[in-house]
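Listed below, chain by chain, are the residues.
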Amino acid sequence: MASAITQYLSSPRVVFPAAVLLRAALLVYGTFQDAHSPVKYTDIDYFVFTDAARYVSRGQSPYQRDTYRYTPILAWLLLPTAWGGWWFSFGKVLFALGDIVAGWLTILILRNHYGMPMARAVRFSCIWLLNPMVATISTRGSSEGLLGVIVLALLWAVLEQRIMLAGVLLGFGVHFKIYPFIYATSIIWWLDAARLGLPTTHSTQSPIEKLINHLNQRRIDLGAISLITFLVLNIAMHHIYGSEYLRHSWLHHFTRLDHRHNFSPYNIQLYLNSSPAATSSLHLESLAFIPQLFLSAIAIPLALAKKDLGATMLAQTFAFVTFNKVCTSQYFLWYLVFLPFYLPNSSLLSKPWLGMSALVLWVAGQAFWLQQGYRLEMLGLSSFVPWLWLSSILFFLINCWILGIVISDVASSHVSPSQREMKVEEVG
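Residues numbered from 1 in each chain as written. Predicted model: local features only at pLDDT ≥ 70, side-chain atom pairs only at ≥ 80, totals over all residues. Heavy atoms only, no water.

All right, on to the overall build of the chain then. The secondary structure content of the chain amounts to 23 helices and 0 strands. Among the 428 residues that make up the chain, the fraction classed as buried is 49%. A separation threshold of at least 6 residues defines the contact pool for the chain, and within that pool the share at least 24 residues apart is 72%. With the model as given, the accessible surface of the chain reaches about 20,300 Å², and the carbon-plus-sulfur share is 69%. (Helix = DSSP H or I, 4+ residues; strand = E, 2+ residues; numbered from the N terminus. Buried < 20%, exposed > 50% of the residue type's maximum accessible area, 1.4 Å probe, protein only. Contact = heavy atoms within 4.5 Å. Areas by Shrake-Rupley, 256 points an atom, 1.4 Å probe, with all protein chains shown as cover.)

Right, here's the structure in full:
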């Protein structure tokens, strides 16, 4: 039985139709639940997206919709939802298709750059394609599926050394959702002279000469193209929508006090500071970015990027989400999309008891928090202290433990032979 299942999960002709059917079934079920249950299937964010798209369809600003904090491009993409009827689900279908494309890119990267045969690559892609959590979040109307496509396309472009495309994708990714900026450090560090087939620095060189040599043409091109792409998009959006674009899409993130559905240990502090009666000028959650950015944008990429770029991006994203002052379920997709690049050579697979323990604790930590969140938000019971706070702390500690395992695994790994291979003809 197990061998038959493994065989089925090794065939793209089985896995991709199954992934599509899973999402189609959830879309149909979601329509039924929305119509008959007080607990709606459709995510509140989807109503924010579609309301913004409706404003755009009338020639107005998407920011007339309260709590729309995203790039106008997302509202433009969802314009068909303003046509009414079944078109309202257009965005959900688009996000679900993003899941499928992300799965295809996963297989492409695993085959071409991790040296995996097709059958094994397809099996690891199932972590994303047949993951009910991934499918549910996308079909509820979260745009994370599109982000999955962007970041995996970025990884593929870098591994292929298509620097211009990688720069455009990095700049667009940061415009679409801020967090992909953390990948710039790991990508630039990965693009060293040895990998590009260029002469390496000598030990007799001065620190300044070594620094200059570190700035090879590929690194300069990537930085310049990504920055230009980012600036062009933001200048264009500011030209169209003015200061409200900057206020809602960028400045908001420095002052946001989202506490609903927030797994972060900062949840209670955010809740207290969100009260109109709050008088304290001490906002401890505003310091959350210090350990978050140090780990995700500096320490992890510099320590691990040259070992395995895909696995390093997983570790970076895991750290970013774990230490973020706002941590919701859809953010988990940000790092789950990189899991197929880390797991094949991880201790979580080589030591099944460790992998099972990590999975059970990760799920149990969420379940404990969700139970308290349900009591608070659905039943109206005050569960902030101690249980909601304790569940947030517990989930944070579980994630820190798993992050430690991931970092240790990547640090002790070796760069795969396929990643060492240089395409001499592409080196300028």
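The structure having been displayed, the exposition proceeds.
What follows is about the nonpolar core. One finds Tyr68, Tyr183, Phe332, Phe338 and Tyr342 to be the most contacted residues of the largest nonpolar core, which totals 107 residues. No other element matches the 12 residues that helix H8 (residues 144–159) contributes to this core. For Tyr68, the residues in contact, after removing those within four places along its chain, are Val48, Phe49, Ala52, Pro62, Tyr63, Leu74, Ala75 and His248. (Core = buried A, V, L, I, M, F, W, Y, C linked by side-chain atoms within 4.5 Å.)

Below, the discussion takes up the packing of helix H5 (residues 90–113) against helix H7 (residues 132–139). Contact pair H5 / H7: the axes reach a minimum separation of 8 Å and the direction vectors enclose 150 degrees. When the axis of H5 is compared with that of H7, the two are roughly antiparallel. Contacts between H5 and H7 pair Lys92, Phe95, Ala96 and Asp99 from the former with Val134, Ala135, Ser138 and Thr139 from the latter. Looking at the contact of H5 with H7 residue by residue, the class counts come to 4 nonpolar, 2 polar and 2 charged. (Axes fitted to C-alpha atoms, helices over the stretch in contact; angles between N-to-C directions. Parallel < 35°, antiparallel > 145°, perpendicular 65-115°, else oblique. Nonpolar A, V, L, I, M, F, W, Y, C, P; charged D, E, K, R; others polar.)

We now examine empty space enclosed by the protein. Taken as a whole and judged by the stated rule, the model has 1 cavity of 30 Å³ or more. As a volume, the largest cavity reaches approximately 50 Å³. Lining the largest cavity are Phe263, Ser264, Pro265, Thr322, Cys327, Phe395, Phe396 and Asn399. Considering every element that reaches the lining of the largest cavity, the biggest residue donor is helix H22 (residues 384–411), with 3 residues. For the lining of the largest cavity, the residue count by class is 5 nonpolar, 3 polar and no charged. (1 Å grid on protein atoms, 1.4 Å probe; cavity = no way out; pocket = protein on both sides within 12 Å on 5 of 7 lines; lining within 4 Å. Points joined across faces, edges and corners; volume = space filled by probe spheres on them.)

The next thing to look at is helix H9 (residues 163–176). With 14 residues, H9 extends 20 Å between its outermost C-alpha atoms, agreeing within 8% with the 20 Å of an ideal straight helix rising 1.5 Å per residue. In terms of burial, H9 is largely enclosed, as 10 of its 14 residues are buried. (Expected span 1.5 Å × (residues − 1).)

The end-to-end C-alpha distance of helix H3 (residues 44–57) is 20 Å, a good match for the 20 Å that 14 residues give at a rise of 1.5 Å each. The distance from a side-chain oxygen at the start of H3 to the backbone nitrogen of Asp45 is 2.7 Å, and the residue carrying that oxygen is Asp43. Positive backbone phi, at 80 degrees, marks Gly59, one or two positions downstream of H3. (Polar contact = N/O pair within 3.5 Å; in protein donor to acceptor, adjacent residues only side chain to side chain.)

Moving on to the layout of surface pockets. When its volume is computed, the second largest pocket comes out at roughly 670 Å³. Around the second largest pocket sit 23 residues that line it, and Leu336, Leu339, Leu343, Gly355 and Leu359 are the ones nearest its centre. Residue assignment for the lining of the second largest pocket shows that the elements contributing at least two residues are helix H6 (118–129), H7, helix H17 (309–322), helix H18 (332–336), helix H19 (339–342), helix H20 (347–350), helix H21 (352–377) and H22. It is H21 that provides the largest number of residues to the lining of the second largest pocket, a total of 6 residues. By residue class, the composition of the lining of the second largest pocket is 21 nonpolar, 2 polar and no charged.

Quick look at the packing of aromatic side chains now. Taken as a whole, this structure holds 29 aromatic pairs when the rule is applied. Judged by centre distance (5.2 Å) and plane angle (80 degrees), the rings of Phe323 and Phe396 are edge-to-face. A residue pair is termed long-range when its members are at least 10 positions apart, and Phe323 in the loop between H17 and H18 and Phe396 in helix H22 qualify at 73 residues. With a relative accessible area of 16%, Phe323 lands in the buried category. Ring pairing ties together the aromatic residues Tyr46, Phe47, Phe49, Tyr63, Tyr68, Tyr70, Phe88, Phe95, Tyr241 and Tyr245, which thus form one cluster. For the cation-ring pair, Lys92 lies above Tyr46, with the distance from its terminal atom to the ring centre recorded as 5.5 Å. The aromatic ring of Trp189 is capped on one face by Lys306, whose charged end is 3.9 Å from the ring centroid. (Phe/Tyr/Trp six-rings, centres within 6.5 Å; stacked < 30°, edge-to-face > 60°. Lys NZ or Arg CZ within 6 Å of the ring centre and 35° of its normal.)

What follows concerns the pattern of salt bridges. It is possible for side chains of opposite charge to pair when their charged atoms get near one another. Tallied over the full model, the rule gives 5 salt bridges. For Arg54, the salt bridge identified is with Asp51, shortest N-O distance 2.5 Å. Here the residue Arg54 and the residue Asp51 both occupy positions in helix H3, the gap between them amounting to 3 residues, near one helical turn. For Asp51, a relative accessible area of 17% translates into the label buried. For Asp192, the salt bridge identified is with Lys306, shortest N-O distance 3.5 Å. Taken together, the residues span a long stretch of sequence, with Asp192 in the loop between helix H10 (183–190) and helix H11 (193–196) and Lys306 in the loop between helix H16 (289–304) and H17 at a distance of 114 residues. Look at Asp192 and you get buried, because its relative accessible area is 12%. The class of Lys306 is partly exposed, set by a relative accessible area of 28%. (Salt bridge = Lys/Arg side-chain N within 4 Å of Asp/Glu carboxyl O.)

Everything listed is a geometric property; what it means functionally is a separate question.
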